[in-house]
Amino acid sequence: MKRFDCLKALASFTAEDDLVVTNLGNTPHEWHAVRPSRANLYGFNLGQCTPVAYGLALALPNRRVIALDGDGNLLLHLASLADVCFHKPANLRIIVFDNEAYESPGGMPTATAHGVDLVQIAKGCGIQRSFLASTIEEFTEKIKAALEEKELCFLVAKIETGTIGRTEYASMDYKFNKYIFASYIEETEKRPVLRLRSKSPFTEK
Amino acid sequence: MNIEASDAIIRGLKAANVDLVAMLPDHGFDRVQKTIAADPSFTFVPVSNEGIGVGICAGAFLGGKIPAIMIPTSGLLVATWPLASLNNLWNMPLLLLIPYRGDVGDAQPVMRTYKFTTEPILRDLHIPYVIVSEISKIEGAIKDAVASTFAWQNPICLLFTGETLR
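It should be emphasised that the depicted structure is a prediction, and the values quoted were computed from it without experimental measurement.

Engineer: Would you take a moment to explain the overall build of chain B for this structure?
Structural biologist: Secondary structure assignment for chain B yields six helices and six strands. Secondary structure elements of chain B, listed N to C terminal, follow the sequence α-β-α-β-α-β-α-β-α-β-α-β. Taken over C-alpha atoms, the radius of gyration comes to 14 Å for chain B, in line with the 15 Å a tight globule of 166 residues would show. C-alpha extents for chain B along the principal axes are approximately 40 × 35 × 30 Å. Looking at chain B residue by residue over its 166 residues, the buried ones come to 63%. Accessible surface, chain B as shown: approximately 6100 Å² in total, 55% of it carbon and sulfur. Each charge sign in chain B was given a centre, from 12 positive and 15 negative side chains, and these centres are 1 Å apart.

Engineer: What is the right way to look at helix α2 (residues 30–38) of chain B in this model?
Structural biologist: Residues lying three or four places apart along an α-helix face the same way, a consequence of the helix completing one turn every 3.6 residues. All names here are of chain B. Along α2, the residues that are buried comprise V32, Q33 and I36. One side of α2 holds all its buried residues, which, seen down the axis, span an arc of 100°. In α2, the exposed positions that point more than 90 degrees away from the buried face belong to K34 and A38. The secondary structure elements touched by the buried residues of α2 are α1 (3–15), β1 (20–23), β2 (43–46) and β3 (67–70).

Engineer: I'm lost on the packing of helix α4 (residues 73–90) of chain B against helix α5 (residues 112–124) of chain B in this one. Help?
Structural biologist: If you want to describe how two helices pack, look at the angle between their axes and the distance between the axes. Residues and elements named next belong to chain B. Here α4 crosses α5 at 45°, and the two axes come no closer than 10 Å. In terms of orientation, α4 and α5 fall into the oblique class. For the crossing formed where α4 meets α5, the hand is left-handed. Contacts between α4 and α5 involve T73, S74, L76, L77 and T80 from the first element and Y114, T117, T118, I121 and L122 from the second. Taken together, the residues of the contact of α4 with α5 sort by class into five nonpolar, five polar and no charged.

Engineer: It is not clear to me how the pattern of salt bridges should be interpreted in this structure. Could you clarify?
Structural biologist: Between side chains of opposite charge, a pair can form when the charged atoms approach closely. All names here are of chain A. Under the criterion given, the structure shown has 17 salt bridges over all chains. Note that K158 is salt-bridged to D98, the shortest N-O span being 2.8 Å. Taken as a pair, K158 in strand β8 (residues 153–158) and D98 in strand β4 (residues 92–98) lie far apart in primary sequence, 60 residues in all. Taking the relative accessible area as the measure of exposure, D98 reaches 1% and is therefore buried. Connected through shared salt-bridge partners, D98, E100 and K158 make up one network.

Engineer: Is there a simple way to think about the confidence of the model for chain B in this case?
Structural biologist: Predicted coordinates in areas of low pLDDT are best not read in detail. Taken residue by residue, chain B gives an average pLDDT of 96. The fraction at 70 or more is 100%. Both scores are available for the predicted complex, with the pTM at 0.97 and the ipTM at 0.97.

Engineer: Is there a simple way to explain the nonpolar core in this structure?
Structural biologist: Across soluble globular proteins, nonpolar side chains have a tendency to be buried as a group. Counting residues in hydrophobic clusters, the biggest one holds 101 residues, and the most contacted among them are F154 of chain A together with I9, L13, L95 and F160 of chain B. Apart from the residues lying within four places of it in its own chain, the contact partners of F154 of chain A are L74, L81, I94, V96, L118, V119, A122, I127, R129, S130 and F131 of chain A. Residues L68, I95, F97 and A157 of chain A belong to the second largest nonpolar core, which totals 21 residues.

Reading the values: the criteria
- Residues numbered from 1 in each chain as written.
- Chains lettered and ligands numbered in written order.
- Predicted model: local features only at pLDDT ≥ 70, side-chain atom pairs only at ≥ 80, totals over all residues.
- Heavy atoms only, no water.
- Helix = DSSP H or I, 4+ residues; strand = E, 2+ residues; numbered from the N terminus.
- Rg over C-alpha atoms; globule rule 2.2 N^0.38 Å.
- Buried < 20%, exposed > 50% of the residue type's maximum accessible area, 1.4 Å probe, protein only.
- Areas by Shrake-Rupley, 256 points an atom, 1.4 Å probe, with all protein chains shown as cover.
- Lys, Arg positive; Asp, Glu negative; His and termini not counted.
- Charge placed at Lys NZ, Arg CZ, Asp CG, Glu CD.
- Arc of directions from axis to C-beta.
- Contact = heavy atoms within 4.5 Å.
- Axes fitted to C-alpha atoms, helices over the stretch in contact; angles between N-to-C directions.
- Parallel < 35°, antiparallel > 145°, perpendicular 65-115°, else oblique.
- Left-handed = near helix turned anticlockwise from the far one by under 90°.
- Nonpolar A, V, L, I, M, F, W, Y, C, P; charged D, E, K, R; others polar.
- Salt bridge = Lys/Arg side-chain N within 4 Å of Asp/Glu carboxyl O.
- pLDDT = per-residue confidence, 0-100.
- Core = buried A, V, L, I, M, F, W, Y, C linked by side-chain atoms within 4.5 Å.

Put into structure tokens, the structure is as follows:
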């Protein structure tokens, strides 16, 4: 199964206002190719994709938040699966593309290549709706169901290594991505995010 | 931390409109952490690792929350990775509240390390910090730090010591 095929399937089920948070590596390029959007946050480094998505889900309980994480990225902060279960936000979906490798830095195996089962770990943490997909048919079925449900879901997609030809995507400059996303949230949620100010409290009357 | 200092922190957080607090338990913040956990005006987010808490606060900020993280002095060492690769690269605001264990006068051998790590790490991470040693200064320090963390889109840290920790 290829990640790009999974992302195309996912994009066919997502709503325009779904917020999508990706890890670093090839996923952001591929996701941007199938769903370029101001509602995307691209490229969180090791251990930070799922925590950022969790924080976003807590802040915006009426918006669906989808984390596109990877096995190596999640493993650094594996305890984030335990922490997510304190609130179990019903609007959060965590998808892990598991290629059993640290592909970007050269392809050395991750712990999942040695039999570590992320689905069982998620279940053990308390995420009851935790699934494995090994074929594109399974992925399509599971992700459609996960998006229709009103419950925290965790889905591991076993994928091959490899990626599409790298495309230009909007925001490899993270600050640029932040401002695009924040302005989108301010506009659609009618609430302040950046809270920038032009005057100092020291000089305000 | 005594009850007056704990109450001042809660007042400061509310005055600054902080509405989400991630935390890892710490002896110095025991009372204030339990108060926050029980107060519905805060989204209380316990974490197992300070680095996870930093990521959660970044996501909460992007969703419109005003987040803070309360972590032990030792936890700053754990949090350095996301503070560098997330807050620094993305210019993410964050209020960090840390009891300054190991400050001069906190005469316990096990805490000595933190005198040599805490302030240099904050400087290396380009995180401005204020050392708060008087209870009467707590509330104002929190309000100032929240104003600056958003104005600068950069983390700000408050280190609590002296009278505030006794």
